[in-house]
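Single-letter residue listing:
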Amino acid sequence: GNQPHTHREKNGGTMSHHARPGAEGAVQGAGSLPALVEVLADQEERRTLHGHFVRPILTGPAGRVELERLLDKDRKVLVTGVAGVGKSTLMQYIAHNWGCDKLWTEKFDYVYKVSFKTYLLDGCTSQITTAVNNLRQPEARLKAFIAYYLWLAALRQGNVKKEVRDYMEDIVLGDRTLLLVDGYDEVRHYEGNAEFSALSAVLMSQPYFILTTRPNTMRESIRNRFDAAVDNEGLDGKGIEKFITLHGEGGTGIKQFLNDNPDVKKVCSVPVNAAMVCLLHKELSCKGHVTVVDLYTNMLTILARRFYTKANNSEETPGKTEDDLYLISCGTFCNHSEMKVLRALALGILERDEGLIFEAGTPGQRTPHTIHGAIGFTGMKLSPSAVYGVGILKMETLGEDHQYSFIQLSFQEYLAAYELKERALCALRANKKVTEESERLARMRGKQEGDGGEREAGKDAG
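Scoring rules and cut-offs
- Residues numbered from 1 in each chain as written.
- Predicted model: local features only at pLDDT ≥ 70, side-chain atom pairs only at ≥ 80, totals over all residues.
- Heavy atoms only, no water.
- pLDDT = per-residue confidence, 0-100.
- Contact = heavy atoms within 4.5 Å.
- Helix = DSSP H or I, 4+ residues; strand = E, 2+ residues; numbered from the N terminus.
- Buried < 20%, exposed > 50% of the residue type's maximum accessible area, 1.4 Å probe, protein only.
- Pairing = 2+ DSSP bridges.
- Core = buried A, V, L, I, M, F, W, Y, C linked by side-chain atoms within 4.5 Å.
- Salt bridge = Lys/Arg side-chain N within 4 Å of Asp/Glu carboxyl O.

1. Description of the confidence of the model for the chain
On average, the chain scores 78 in pLDDT, and the residues at 70 or more come to 77%. Segment residues 9-46: pLDDT under 50, and 101 contacts once partners within four positions in sequence are set aside and those in other chains are kept. A low-confidence stretch, residues 325-331 stays under pLDDT 50, and its non-local contacts, those more than four residues away or across chains, total 14 contacts.

Listed below in structure tokens is the structure:
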């Protein structure tokens, strides 16, 4: 599902699909629909973009924007949207449709879909530095970035047949190339970094590109360099109905459930939330009144039960007993030891504002920017494998290095909000105790002063 680009080559006056050496095109693997939450789908085979993708609503200053018209007048387009709304999936959908001769086929010969998250990996920045030193060309930075993404995609699929520098030789930039760059919000903390600024400058100099980010994560000076900005608003009412029909076993019972819970229906404009409703209704047969908090709490519970059940025979992520699984089903799951660590970690990473990828860290750390740090911060006696074993984190392994992130940003935001709530309640309870103690001491002082006054009055009377 991570195939980055397709090259279309003219052959005898006709257009034919041609996967460049070492990188299959969007026509092949990129036709898979990415799981909206990676472990949310329980089926063996991933569903296809062609049959199951529901187009989101795109809006600009003048109103609704049709995807096909997005590049009619503008060349550099910024797409914003909240976590889970499907910005990454939209980029893949564009690449896939172009590769299938359904979108901008006469406009572009090359389409490269890449993710800024790749820049956070040490190997990527190392490759960029090497390319710049060897080639001494401004575009070498961008080519190395794209090439590393292609190489990494092949590595993840066990299909590495050449080196990063070989991928660089195949990359073509220019007026017939479209760049789809996902996730600027992942690297916004690099805005003051000289090397990243140089990469961004080369990217901004390209004739055509579409870039995605969360709202309010880009400085105005950078935002103003785009020809147009559109907002990915997610699904409208018809889109929600189509989504639950496709992903919710025909939508039986879910439509009535959403009508009974308008607050939940409202957040289903974000496809991740709609996907959670479909799964929860399937596994729990949701009925009656349900809040958005219930939605996320139950979803995390299901993810943990699934992960623990699958991990029962794994030494690295030991499973749980039936008693543990029963406790996970209770409403107190977010207060389990592992979840307390994940809550602190979720908030700590967002507060740090240095990207959403983190490491295991080292024992003894007490700042919640790593897994060990969150364990030390909360005082829980757990191992990083136990925290990872909840199934809410995903791990990226390159050589001996392990890097982690939450499986979905919306889950991280929920846990961070939960942690903030708990800290606020804790502070209120502590303040209440202080107030009660102050009032108790004041009453004691008043009583003592009163008793002393009575004694003085008795002496005067005597």
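2. Here we look at the environment of G355
Mapped onto the secondary structure, G355 falls in the loop between α14 (337-352) and α15 (371-378). With a relative accessible area of 8%, G355 lands in the buried category. Distance from G355 to S405, taken between C-alpha atoms, is 9.6 Å for residues 50 residues apart in sequence. Once residues within four sequence positions are removed from consideration, G355 is found in contact with E186, H189 and I349.

3. Topic: the pairing of strand β5 (residues 76-80)
Within β5, 5 of the 5 residues are buried, leaving the element largely enclosed by the surrounding structure. Every second residue of β5 is oriented toward a common face, with K76, L78 and T80 on one face and V77 and V79 on the other, all of them buried. Judged from the 5 bridges that link them, β5 and strand β8 (residues 209-213) form a sheet pairing that is parallel. Residue pairing in the sheet places K76 in a bridge with F209 of β8. Note: β5 against strand β9 (residues 228-232), 4 bridges, orientation parallel. By the bridge assignment, L78 is partnered in β9 with A229.

4. A short note on unusual backbone geometry
Phi is positive for W104, which is not a glycine, with a value near 55°. Mapped onto the secondary structure, W104 falls in the loop between α2 (87-99) and β6 (110-115).

5. What about the nonpolar core?
With 54 residues, the main nonpolar core has L258, L342, F406 and L415 as its most contacted residues. If you tally residues by element for this core, the top one is helix α11 (residues 271-284), at 8 residues. Other than its neighbours up to four places away in sequence, L258 contacts I240, I244, V264, K265, C268 and V277. With 44 residues, the next largest nonpolar core counts V114, V187, F209 and L211 among its residues.

6. Considerations on the pattern of salt bridges
All told, the structure shown has 13 salt bridges when counted by the stated rule. With a shortest N-O distance of 3.2 Å, R219 and E191 are connected by a salt bridge. Of the two residues, R219 sits in the loop between β8 and α7 (220-223) while E191 sits in the loop between β7 (177-182) and α6 (194-204), which places them 28 residues apart along the sequence. Here K255 ties to E241 by a salt bridge, and the two come within 3.7 Å at their closest N and O atoms. In this pair, K255 is assigned in helix α9 (residues 254-260) and E241 in helix α8 (residues 237-247), connecting sequence segments 14 residues apart. Several salt bridges converge on common partners, so that one network encompasses D185, R214 and E413.

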